[in-house]
Amino acid sequence: MEDVTGVIVKDVLAKKELRNLNQEFVKEKVRKYVGTHKEIREKIKKEAYVRLRRSKEYKALIKNIRAELREIYGVFILKGYDKLPKLLDELKKNPSLENHNKILALHKSTKERLPYYLVVYKKIFEIIGTPKRIIDLACGLNPFSYPYLGCKPEYIACDLAEKDLEFIKEYFEIIGIKGQIKKIDLIKSNLFEIEGVIKKDDLVLLLKTLDSLETVKRNVSERILKNIKAKDIVVSFSTKSIGGKKAIHKDRRAWFEKLVKKIGFKIKVFEIPGESFYVLTK
Ligand SMILES: C[S@@+](CC[C@H](N)C(=O)[O-])C[C@H]1O[C@@H](n2cnc3c(N)ncnc32)[C@H](O)[C@@H]1O
């Protein structure tokens, strides 16, 4: 089984938009799927790989796991994402804002936020003051917005996608940012991991992520927020549906407002087109 799992992982990751995901993470998804689907388990035991690969059970396995990964990661990866190394090279030669913007435009969340970055950080810092350290959880490519901060905090970038984190590490080195990368799975993490990373005076960012984490594990937001020991947390949500222009009804976030009040945060909300920001303070 172990050998086959490795091959299955490679097949899943053969999809371009998923290839920066970490193999161990996908391996766990494969093990879980195989553990709950008897037919594929039997096929894996009996069939040679060539035949196994042609079976409908195998195709269903690949399709289902890819669909799950697409929802939490692939859907945000825009055309041209494979140009990231080349764009990073250009940024190394010339760390202009324009070259930062080209990288930010590769990911759906940062692309949508691009025209508003200055305003977003200005509004956040008006409420909480200038941070000395930022912990960006499920960061995507957001660390590349560093020049928009208007200050020079230490920066800890956390995500699942290890290869993306490697690019961020290289970026920190290029620009001379005091920064670190950490691979943290917010669903699985027992959060001691997060507690170890986060200190009381840090600003924690959790942008455009809780919705998709909730689809994987219900009520995980409560566990995450309760375990973040920082006094300032900024959480954001998309106000557009993933596919397009349809506005997401405000009530959909009533669950979140109720939750943060229950935990005991003070809330300030502001919006930019397509995204609403909750600045939570204790
Ligand atoms: C919609 S993107 C948001 C990226 C960034 N926060 C932003 O707003 O620009 C969601 C991010 O969450 C990450 N992610 C998904 N599931 C995760 C998990 N269980 N633990 C940590 N990160 C996760 C994905 O890799 C992706 O980078």
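Residues numbered from 1 in each chain as written. Predicted model: local features only at pLDDT ≥ 70, side-chain atom pairs only at ≥ 80, totals over all residues.

### Thoughts on the overall build of the chain
Thought 1: Counting its secondary structure elements, the chain contains 14 helices and seven strands.
Thought 2: Computed over its C-alpha atoms, the radius of gyration of the chain comes to 20 Å, within 12% of the 19 Å expected for a compact globule of 282 residues.
Thought 3: Oriented by its inertia axes, the alpha-carbon framework of the chain measures out at about 65 × 50 × 40 Å.
Thought 4: Relative to its full complement of 282 residues, the chain shows a buried share of 30%.
Thought 5: Restricting to contacts in the chain with at least 6 residues of sequence separation, those with at least 24 account for 64%. (Helix = DSSP H or I, 4+ residues; strand = E, 2+ residues; numbered from the N terminus. Rg over C-alpha atoms; globule rule 2.2 N^0.38 Å. Buried ≥ 20, exposed ≤ 12 C-beta atoms within 10 Å, placed from the backbone. Contact = placed C-beta atoms within 7 Å.)

### Looking at unusual backbone geometry
Thought 1: Of note in the backbone geometry, A138 takes a positive phi value of approximately 55° without being a glycine.
Thought 2: By the secondary structure assignment, A138 is in the loop between β1 (133-136) and β2 (154-159).
Thought 3: We classify A138 as buried; it has 25 C-beta atoms within 10 Å.
Thought 4: We note that K208 has phi near 50°; this positive angle belongs to a residue other than glycine.

### Brief notes about the domain arrangement of the chain
Thought 1: You can read the domains of the chain as domain 1 (2-72) and domain 2 (88-281).
Thought 2: For domain 1 and domain 2, the distance between their C-alpha centres works out to 30 Å.
Thought 3: Opposite the six residues of domain 1 that make contact, domain 2 presents ten residues. (Domains from an automatic or database assignment.)

### Looking at the environment of K208
Thought 1: Take K208: it is sitting in the loop between β4 (203-207) and α12 (210-216).
Thought 2: Sequence spacing of K208 and F237 is 29 residues, and the spatial spacing of their C-alpha atoms is 4.7 Å.
Thought 3: Not counting residues up to four positions away in its chain, the partners in contact with K208 are S109, S236, F237, S238 and E275.

### Quick look at the site of the ligand
Thought 1: Lining the immediate surroundings of the ligand are 20 residues, of which S109, A138, G140, L186 and L207 lie closest.
Thought 2: Grouping the constituent residues of the shell around the ligand by class yields twelve nonpolar, five polar and three charged. (Near = placed C-beta within 6 Å. Nonpolar A, V, L, I, M, F, W, Y, C, P; charged D, E, K, R; others polar.)

### Describing the sheet that holds strand β3 (residues 179-183)
Thought 1: Spatially, seven strands are ordered β3-β2-β1-β4-β5-β7-β6 in an open sheet, and the strand pairing comes out mixed. Where the open sheet ends on each side, the last strands, each with one partner, are β3 and β6 (266-272). Strand after strand, the sheet turns through a mean of 15° between neighbouring axes, direction not considered.
Thought 2: Pairing of β4 with strand β5 (residues 232-238), which is carried by five bridges, proceeds in the parallel orientation. By the bridge assignment, V204 is partnered in β5 with I233.
Thought 3: Across the sheet, helix α9 (residues 117-128) lies against β4, β5, β6 and β7 (275-281), angled at about 20° from β7, the strand it touches most. (Pairing = 2+ DSSP bridges. Axes fitted to C-alpha atoms, helices over the stretch in contact; angles between N-to-C directions.)

### Focus: the nonpolar core
Thought 1: Counting 63 residues, the largest nonpolar core has L137, V204 and L206 as its most contacted members.
Thought 2: The element contributing the most residues to this core is β4, with five residues.
Thought 3: When residues of this core are assigned to domains, at least three map to each of domain 1 (2-72) and domain 2 (88-281).
Thought 4: Excluding its chain neighbours within four sequence positions, the residues that come into contact with L206 are L137, A138, I233 and V235. (Core = buried A, V, L, I, M, F, W, Y, C linked by C-beta atoms within 7 Å.)

### Focus on the environment of Q180
Thought 1: Inspection of the secondary structure assignment puts Q180 in strand β3.
Thought 2: By the C-beta count within 10 Å, which is 16 here, Q180 ends up partly exposed.
Thought 3: Sequence-wise, Q180 and C151 are 29 residues apart; in three dimensions their C-alpha atoms are separated by 17 Å.

### Here we look at the packing of helix α2 (residues 23-36) against helix α5 (residues 56-72)
Thought 1: For the pair α2 and α5, the least separation of the axes is 11 Å and the interaxial angle reads 130°. In terms of orientation, α2 lies oblique with respect to α5. Between α2 and α5 lies a crossing whose hand is right-handed. Residues K29, V30 and Y33 of α2 touch α5, and the partners they reach there are L61, N64, I65 and E68. (Parallel < 35°, antiparallel > 145°, perpendicular 65-115°, else oblique. Left-handed = near helix turned anticlockwise from the far one by under 90°.)

### Looking at the pairing of β3
Thought 1: Relative to β3, β2 runs parallel, the two sharing five bridges. Looking at β3, one finds that Y155 is bridged to G179.
Thought 2: The handedness of the β2 to β3 crossover, carried by helix α10 (residues 162-175), is right-handed. (Right-handed = clockwise from strand over helix to strand, strands pointing away.)

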